[in-house]
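So the chains spell out like this:
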Amino acid sequence: MVLFTDIDDENIAYHVTNDINQVNNAREKLSKKHNYDNKKLHYMEQIHSSIVKNISSSKNPQKCDALITNQKNTPLMVMVADCIPILFYDNIKKVIAVAHAGRAGTFENIAKDTIDKMMKDYSSNPNNIEIILGPSIQKCCYEVSQELVNITSKKFGDKFVNNRNIDLQGINKKQLLEKGIKKENINISDICTKCSNQPYFSYRKDSKCGRFAGIIMLPSFT
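The structure displayed is predicted, hence computed values, not measured ones.

Enquirer: Explain the packing of aromatic side chains residue by residue, including any values.
Expert: Summed over the entire model, instances satisfying the criterion amount to three aromatic pairs. Judged by centre distance (6.4 Å) and plane angle (45°), the ring pair of tyrosine 14 and tyrosine 43 falls under tilted. Note that tyrosine 14 is positioned in the loop between β1 (2–4) and α1 (20–34) and tyrosine 43 in the loop between α1 and β2 (44–45), a separation of 29 residues in sequence. Under the relative-accessibility criterion, tyrosine 43 is labelled buried at 15%. In this arrangement the basic side chain of arginine 27 is found over the ring face of tyrosine 43, its NZ or CZ atom lying 4.1 Å from the centre.

Enquirer: A description of the nonpolar core should follow, citing residues and the corresponding values.
Expert: Residues Ile86, Phe88, Ile115, Met118, Ile131 and Leu176 are the most contacted members of the largest nonpolar core, which totals 34 residues. Listing elements by their share of this core, those giving two or more residues are β5 (66–69), β7 (84–90), β8 (95–101), α3 (110–122), β9 (129–133), α4 (146–156) and α5 (168–178). The greatest single-element share of this core, amounting to five residues, is contributed by α3. Not counting the four nearest positions on each side in its chain, isoleucine 131 is found in contact with Ile86, Leu87, Phe88, Ile115, Leu176, Ile181, Asn185, Ile186 and Asn187. Counting 18 residues, the second-largest nonpolar core is a separate cluster that includes Cys83, Leu87, Val98 and Tyr200.

Enquirer: Would you mind going over the layout of surface pockets in detail, with residue names and values included?
Expert: Here the idea is plain: a probe the size of a water molecule rolls over the atoms and shows the empty space left. Volume-wise, the largest pocket comes out at about 500 Å³. Surrounding the largest pocket, 25 residues form its lining, His48, Ala81, Cys83, His100 and Arg211 being those nearest its centre. Those elements giving two or more residues to the lining of the largest pocket turn out to be β2, β6 (76–80) and α2 (103–107). In the lining of the largest pocket, the residues fall into 14 nonpolar, five polar and six charged. As a volume, the second largest pocket reaches approximately 170 Å³. If you trace the second largest pocket, you find 16 residues lining it, with Val2, Tyr89, Glu130, Ile132 and Ile216 closest to the centre. Put simply, the parts of the chain that give the lining of the second largest pocket at least two residues each are β7 and β9.

Enquirer: Any chance you could break down the sheet that holds strand β13 (residues 212–216) for me, citing the residues and the numbers?
Expert: With antiparallel pairing, the three strands of this open sheet are ordered in space as β1-β13-β6. Here the strands that pair on one side only, and so sit at the sheet edges, are β1 and β6. With strand direction ignored, the average angle separating the axes of adjacent strands in the sheet is 10°. Summarising the sheet, β6 and β13 pair through five bridges and their orientation is antiparallel. Residue methionine 79 lies in a different strand from β13, and its bridge partner there is alanine 213.

Enquirer: So what's going on with the pairing of β8? Residues and values would help.
Expert: Among the seven residues in β8, seven count as buried, and that is most of the element. Here β8 shows a buried face lined by Val95, Ala97, Ala99 and Ala101 and a second buried face lined by Ile96, Val98 and His100. One ladder, built from four bridges, connects β5 with β8; its direction is antiparallel. Its bridge partner lying in β8, leucine 67 is registered against valine 98.

Analysis parameters
Counting starts from 1 at the beginning of each chain's written sequence and moves along it residue by residue. This being a predicted model, a pLDDT of at least 70 is required before a residue's local features are given, and a value of 80 or more before pairs of side-chain atoms are given or counted; all residues contribute to the totals for chains, interfaces and linings. Side-chain numbers come from the whole structure's heavy atoms, not from hydrogens or water. For this analysis, a ring pair means two rings from Phe, Tyr or Trp (six-membered ring only for Trp) whose centres lie within 6.5 Å, classed as stacked if their planes differ by under 30 degrees, edge-to-face if by over 60, and tilted for the remaining angles. For helices the rule is a DSSP run of H or I covering at least 4 residues; for strands it is a run of E covering at least 2, with both sets numbered from the N terminus onward. Categorising residues by exposure relies on relative accessible area from a 1.4 Å probe, with only protein chains included: less than 20% of the type maximum marks a residue as buried, more than 50% marks it as exposed, and the intermediate range marks it as partly exposed. Look at NZ for Lys and CZ for Arg. If either is within 6 Å of the ring centre and within 35 degrees of the ring normal, a charge sits over the ring. Each nonpolar core is a collection of buried residues, namely Ala, Val, Leu, Ile, Met, Phe, Trp, Tyr and Cys, held together in the definition by side-chain atoms within 4.5 Å. Contacts are assigned to residue pairs that have any heavy atoms within 4.5 Å of one another. Every definition here rests on a 1 Å grid over the protein atoms only: cavities are sets of points where a 1.4 Å probe fits but cannot get out, pockets are open sets enclosed by protein on both sides within 12 Å along at least five of seven lines, and lining residues have some atom within 4 Å of a point. Grid points are joined across faces, edges and corners, and a volume is the space filled by probe spheres set on the points. Residue classes follow a fixed rule: Ala, Val, Leu, Ile, Met, Phe, Trp, Tyr, Cys and Pro count as nonpolar, while Asp, Glu, Lys and Arg count as charged, and any other residue, Gly among them, counts as polar. Any two strands between which DSSP finds at least two bridges are classified as paired. Here the axes come from fitting lines to C-alpha atoms, over the contacting stretch only for helices, and the angles between their N-to-C directions go from 0 to 180 degrees.

What follows is the structure, given as structure tokens:
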């Protein structure tokens, strides 16, 4: 199972609202809609880091920005509103992961670090990993400070900069290719959460907005 929620699925993040019941109800409806057990859902206390963890039976959420598991019927969720939700699937070792790639996580190589942990802990081969970068703010709208523009040019190259806009999707793709992920196994959404008028939350449009999610799960028959 691979899915991305939208505004119609409502806000699924506790940290942006005081209405706990709304989030509980939204998550429960989502689980029924896509036929998974909401009690088995693992998510993160996302901190804009490069910390990658395996799921834990004793702590959920964990403080990190990527989660990995090989457990079946155990959905993993990443929450975003402009940042890139990245979903990973190793179709040979049957391992899945999610990562939260905002500017900070991207600059700290969260995608690379997720691949590294999949290789170390589950013997994944990058050739077998398929990756989806979901809807997020695109280079058309992601304007940053001149200082960050300069850092981007120096760290990743001028081709990821256009005036004061930077290309987070391109940078993550570069990092994934450098880890040995096949080009044809990288699928990048062209939906910009800020300007596309598609039904996704965007922090740049509304700083008080909710969060949508990317969710992936290994079904029991894999």
